[in-house]
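# Reading the structure
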Amino acid sequence: MSTISIVAIAITAVLGLVLIFNWARQGGASFVGMWGLAMLLISVGIVMANVSRGGFLDAFVLGQAVMILGAGVKWRACREFSQRDSSLLYIFVGPVILLLAAGTGLVETFNDRLMLVCVLTAAYNFAAATELAYDHGEQLPSRWLAILLLALTSASFLSWLPLIVIKPIPELGTVFYSSWFPIVILITLLLRTALAFVVLAMAKERQEQEQRVDALTDSLTGLPNRRALFEVADAVAQRRILGGTPVSVLILDLDHFKDTNDSYGHSLGDEVLKVFAMTAEKNLKVNSIVGRLGGEEFAAILPGVEAAAAVEAAERVRRAFSRSAAFVNGLAIGATVSVGVATDTEVDADLSNLFRRADAALYIAKRAGRNQVAFLESDEDMVVAAQCTAIRTSPSRLRPAVAAVRPDRARSA
């Protein structure tokens, strides 16, 4: 038991220092640092519990309270990792219960105190596992391993209870002659060590996920950037959602945006872009993906949406943006958007051809006077549109399949 105690103190303290050093060096969320603090508290509690005995405020009772406090700090760390705030006072509830119970004589014997310590520590570990279950949609495999280890830790402390009843430990001195106590201490130490490494893995996985999100997100609007949008397009095609099911693509371009920047400055231009991003997200269906291609150009992928519904959605975005961007920061901006729409059901490998057709439709909308929606039904119409553009033919003279939805009288595809 002496050897087990020394090993438990040393390993737990080293783990705590390593975690705190890792957090201090890399910065970021304090989850790792708080877990390291919990390890240090537990090691200090073990030292105190092995120093003295007798009386209410002896080092043994205080050491047990400090160990429970360490378990409470672990719970708090898990709650912070799950981005759930709470009062710090809750981490002191367990230690206070133990001190009050020992001070008032509710738990007089060593066995009674040990049982209460096991229950309180198990409760904190189970609560920590519950907190990690709030994953917010994050794909962190190590999170589930941490939940399992915390649940096992909680169960291990509860397993002490029948052992205490069957083979009681009358006082602290007899711990060193117990046949089962060194074994459960060793199991607890192994779980504690495994959890420390899993905590580091969780922090690393979250950091990598955040870096990936940053790499795929437009910093100004918060929408997916060009790279992310085309990754989604590839995924949509690969899932074969399109086999017999329509998919639509919208290309949206803000009208006269350069004039807005020149007249009001780039800061206001950025505000206009933000307004459009919020408007587009609000007026497209939940399963639609809208992103920023670059500059003032945006695109949206609408899986399972037919031509008429796609044109209707584009017109809804156009009207909503015309209203929301009429005044920006108190200035009469009157910003508008032109939209090109393309729909298809036969897409094999990717959506690139659909994007090209939507881009051609956008050009038609621009040529027709801007602030409107244009739709190209097929690749043949795209060729016709290109030929008409080459000879400066008005889009209104194109075949009926090439439709421009004007602000004053929206026509379906």
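Placed above this text is the structure.
Residues numbered from 1 in each chain as written. Predicted model: local features only at pLDDT ≥ 70, side-chain atom pairs only at ≥ 80, totals over all residues. Heavy atoms only, no water.

### Side note on the overall build of the chain
Put simply, the rule is: The way it works is that DSSP assigns letters per residue, a run of H or I at least four long becomes a helix, a run of E at least two long becomes a strand, and they are numbered from the N terminus. With a 1.4 Å probe rolled over the protein chains alone, any residue whose accessible area is under 20% of its type maximum counts as buried; one over 50% counts as exposed, and the rest are partly exposed. Contacts were defined at the residue level, with two residues in contact if any of their heavy atoms lie within 4.5 Å.
From N to C terminus, the chain includes 13 helices and eight strands. Relative to its 413 residues, the chain shows a buried fraction of 50%. In the chain, 71% of the contacts between residues at least 6 apart in sequence involve partners at least 24 apart.

### Points about the packing of helix α3 (residues 59–81) against helix α4 (residues 93–103)
Going by this rule: Note on definitions: angles span 0 to 180 degrees between N-to-C directions of axes, and those axes are lines fitted to C-alpha atoms, for helices only across the stretch in contact. Should an angle lie under 35 degrees it is considered roughly parallel, over 145 roughly antiparallel, and from 65 to 115 roughly perpendicular; all remaining angles are considered oblique. The hand of a helix crossing depends on one turn: near helix anticlockwise from the far one by less than a right angle means left-handed, and clockwise means right-handed. Classification used: nonpolar for Ala, Val, Leu, Ile, Met, Phe, Trp, Tyr, Cys and Pro, charged for Asp, Glu, Lys and Arg, polar for all others including Gly.
Look at α3 against α4: their axes get within 8 Å of each other, and the N-to-C directions meet at 160 degrees. Between α3 and α4, the crossing angle belongs to the class labelled roughly antiparallel. Crossing hand, α3 versus α4: right-handed. From α3, V61, L62, Q64, A65, I68 and L69 reach across to α4, where they touch G94, P95, L98, L99 and A102. Looking at side-chain class alone, the contact of α3 with α4 contains nine nonpolar, two polar and no charged residues.

### Considerations on the environment of L195
Within the fold, L195 resides in helix α7 (residues 181–215). By relative accessible area, L195 is classed as buried at 2%. A sequence separation of 50 residues divides L195 from L145, and the C-alpha atoms of the two residues are 8.6 Å apart. If sequence neighbours within four positions are ignored, L195 has contacts with W35, A146, L149, L150 and T153.

### Some remarks on a nonpolar patch on the surface
For clarity, the threshold we go by: A patch consists of residues whose relative accessible area exceeds 30% and which take part in no salt bridge; residues with like charges are grouped when within 9 Å of each other, and nonpolar side chains (Val, Leu, Ile, Met, Phe, Trp, Tyr) when within 5 Å. Values of accessible area rely on a 1.4 Å probe in the Shrake-Rupley scheme; residue burial ignores everything except the protein chains shown. Think of a salt bridge as a Lys or Arg side-chain nitrogen and an Asp or Glu carboxyl oxygen that are within 4 Å of each other.
Judged by side-chain polarity, L89, F92, V96 and L100 come together as a nonpolar surface patch covering roughly 400 Å² of accessible area. You can see V96 is positioned in helix α4.

### Observations regarding the pairing of strand β3 (residues 297–303)
Applied cut-off: When DSSP locates at least two bridges between a pair of strands, those strands are taken to pair.
For β3, a buried count of six out of seven residues is recorded, marking the element as mostly surrounded by other parts of the structure. For strand β1 (residues 247–254) and β3, the ladder comprises seven bridges, and the chain directions are antiparallel. Bridging from a neighbouring strand, L250 pairs with A300 of β3. Pairing of strand β2 (residues 289–294) with β3, which is carried by five bridges, proceeds in the antiparallel orientation.

### Some thoughts on the pattern of salt bridges
Across all of its chains, the model carries twelve salt bridges by this definition. Among the salt bridges present, the one from E231 reaches R227, with a minimum N-O distance of 3.5 Å. Taken together, the residues span about one helical turn, with E231 and R227 both in helix α8 (residues 226–238) at a distance of four residues. Judged by its relative accessible area of 30%, E231 falls in the partly exposed class.

### Thoughts on unusual backbone geometry
Non-glycine residue Q83 carries a positive phi angle of around 60 degrees. Looking at where Q83 falls in the secondary structure, it is placed in the loop between α3 and α4. With a phi angle near 50 degrees, H256 is a residue other than glycine that sits in the positive phi range. Topologically, H256 is positioned in the loop between β1 and α9 (257–264).

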